[in-house]
Amino acid sequence: MSNVNPQALSAEQIQPVSLDLDLKNQTLHITWADGAVSRWPVAVLRQHCPCAACRTEKEQQSRTLLPVLKQAPAEKLEAVGGHLVGNYALQIEWSDGHSSGIYDYRYLRMLHAE
Ligand SMILES: [Zn+2]
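First things first, this report covers the structure right here in the doc. (Residues numbered from 1 in each chain as written. Predicted model: local features only at pLDDT ≥ 70, side-chain atom pairs only at ≥ 80, totals over all residues. Heavy atoms only, no water.)

1. Description of the overall build of the protein
Next, step 1: When helices and strands are counted, the protein shows 4 helices and 6 strands.
Next, step 2: Ordered by position from N to C terminus, the α and β elements of the protein give β-β-β-α-α-α-β-β-β-α.
Next, step 3: The buried share of the protein, reckoned over its 114 residues, is 32%.
Next, step 4: Taking the contacts inside the protein whose residues are at least 6 apart along the sequence as the reference set, 39% of them involve residues at least 24 apart.
Next, step 5: Summed over all atoms, the accessible surface of the protein reaches about 7200 Å², with 52% contributed by carbon and sulfur. (Helix = DSSP H or I, 4+ residues; strand = E, 2+ residues; numbered from the N terminus. Buried < 20%, exposed > 50% of the residue type's maximum accessible area, 1.4 Å probe, protein only. Contact = heavy atoms within 4.5 Å. Areas by Shrake-Rupley, 256 points an atom, 1.4 Å probe, with all protein chains shown as cover.)

2. Some details on the coordination of the zinc ion
Next, step 1: Distances from the zinc ion to its protein donors, Cys-49 (SG), Cys-51 (SG), Cys-54 (SG) and His-98 (NE2), fall at 2.1 to 2.3 Å.
Next, step 2: Cys-51 gets classed as buried once you look at its relative accessible area, which sits at 8%. (Donors = N, O, S within 2.8 Å, 3.2 Å for Na, K, Ca; no water.)

3. With respect to the pairing of strand β4 (residues 79-85)
Next, step 1: Looking at chain direction, β4 and strand β5 (residues 89-94) are connected through 6 bridges and run antiparallel. Across the sheet, residue Gly-81 finds its bridge partner in β5, namely Glu-93. (Pairing = 2+ DSSP bridges.)

4. Examining the environment of His-112
Next, step 1: The residue His-112 is located in helix α4 (residues 105-113) in this model.
Next, step 2: Along the backbone, His-112 and Trp-40 are 72 residues apart, and their C-alpha atoms lie at a distance of 8.5 Å.

Here it is as C-alpha cells:
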C-alpha cells in the first residue's frame, strides 16, 4: 500500500466526514467519506510537514553523514492549535511557533496509505 498514486484517489477517499485534532492526546483523527479511519500521533505529522522549510531541512539531513546528531528532539514538540483552510486542508500550529505546514486532505490520505 506504500505506492499509492495520488491521482487514483477518489473524491470520497480525500473527503473527511469528521476531523478531530485532539490536543490533549496529541493525535489527529480523521474519518473519511469512504469509511476509512486515520489516526496519527501529531509527531508523525510534524515529521511529514509539507512546508518548504521542513522539506528543505529533511533533504539536507539526508545528505548529512551524521543525521542523528542534527535531529531535533521531536517528542518535545506539541501541536497547540489547528484550523481548517478552505475546504481542502488542515493547518497545524506547533509549540515552537511553526505554523506554515498546510496538510491538504489528499496529502493526509497519502500518509494514511503509508
Ligand atoms: Zn514545516
